[in-house]
Structure formats: structure tokens, C-alpha cells
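Okay, here's what each chain looks like letter by letter:
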Amino acid sequence: MIYAAGMAALGLDPDRLLIVDTPSPTRRLAVLEDILRTNGLAAVIAEYDGARQSADYWMRLARRTQLAAEASGTTGFILGWPSCASGFESQWNIAPV
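Cut-offs applied
Residues numbered from 1 in each chain as written. Predicted model: local features only at pLDDT ≥ 70, side-chain atom pairs only at ≥ 80, totals over all residues. Heavy atoms only, no water. Salt bridge = Lys/Arg side-chain N within 4 Å of Asp/Glu carboxyl O. Helix = DSSP H or I, 4+ residues; strand = E, 2+ residues; numbered from the N terminus. Buried < 20%, exposed > 50% of the residue type's maximum accessible area, 1.4 Å probe, protein only.

Peer 1: Please clarify how the pattern of salt bridges should be interpreted in this entry.
Peer 2: Two side chains of opposite charge can pair, provided their charged atoms sit close to one another. This model, assessed by the stated rule, comprises two salt bridges. Between E33 and R37 there is a salt bridge, with its nearest N and O atoms 3.0 Å apart. Of the charged contacts in the structure, one is a salt bridge between R64 and E33, with a shortest N-O distance of 2.9 Å. In this pair, R64 sits in helix α3 (residues 55-72) while E33 sits in helix α2 (residues 25-36), placing the two residues 31 residues apart along the sequence. For E33, a relative accessible area of 12% translates into the label buried. Residues joined in a network through salt bridges with shared partners are E33, R37 and R64.

If you want it as C-alpha cells, here you go:
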């Protein structure tokens, strides 16, 4: 879960952070698309945690979220995305030193 004190340590105001949580990983990804369509946001961060879907599902989701982000100008980050998923502009693999 995103930690507000950690965000503050990075210079981000946690009072400007909105956390949306749902127990369903598939629903969480659908909410991501809806939020990405919202104008006026700097970024959206979503945590992937195990939705087991086909490669075709991931490609459709990637395309829908890309279009939503482009329409609103909002940057979207998905943490813990499965390596089998593709279709996004970039994928980063970040680990502690």
C-alpha cells in the first residue's frame, strides 16, 4: 500500500493523495481506466495484485488505459504489473539497491 509519510519524504503532499481500494483486482484495473479519464490529475498509481486474465485481456486493458491517459493528459503507473503484459509505452523494473 502506498505510504503517505513516504510520499511526504519525497516532497509530495499526502493531503493531495486520494486512495481508492477495492478487494477485486479486476475491478481495481477498471477503476484505473475511469480515473485516468479524469482531467486535472497529475498522476494515477494503481497496484496490480494478481488478476489472472488472458494475454488478450491485458492488451485490451493496455489500449484502453493508454487512450484514457492520452485524452486527459494524466500519467498512469501500475505497480507490480505482470511481465507477460505488454502494450504500454514503457515498462520499468525497479528494485532496491
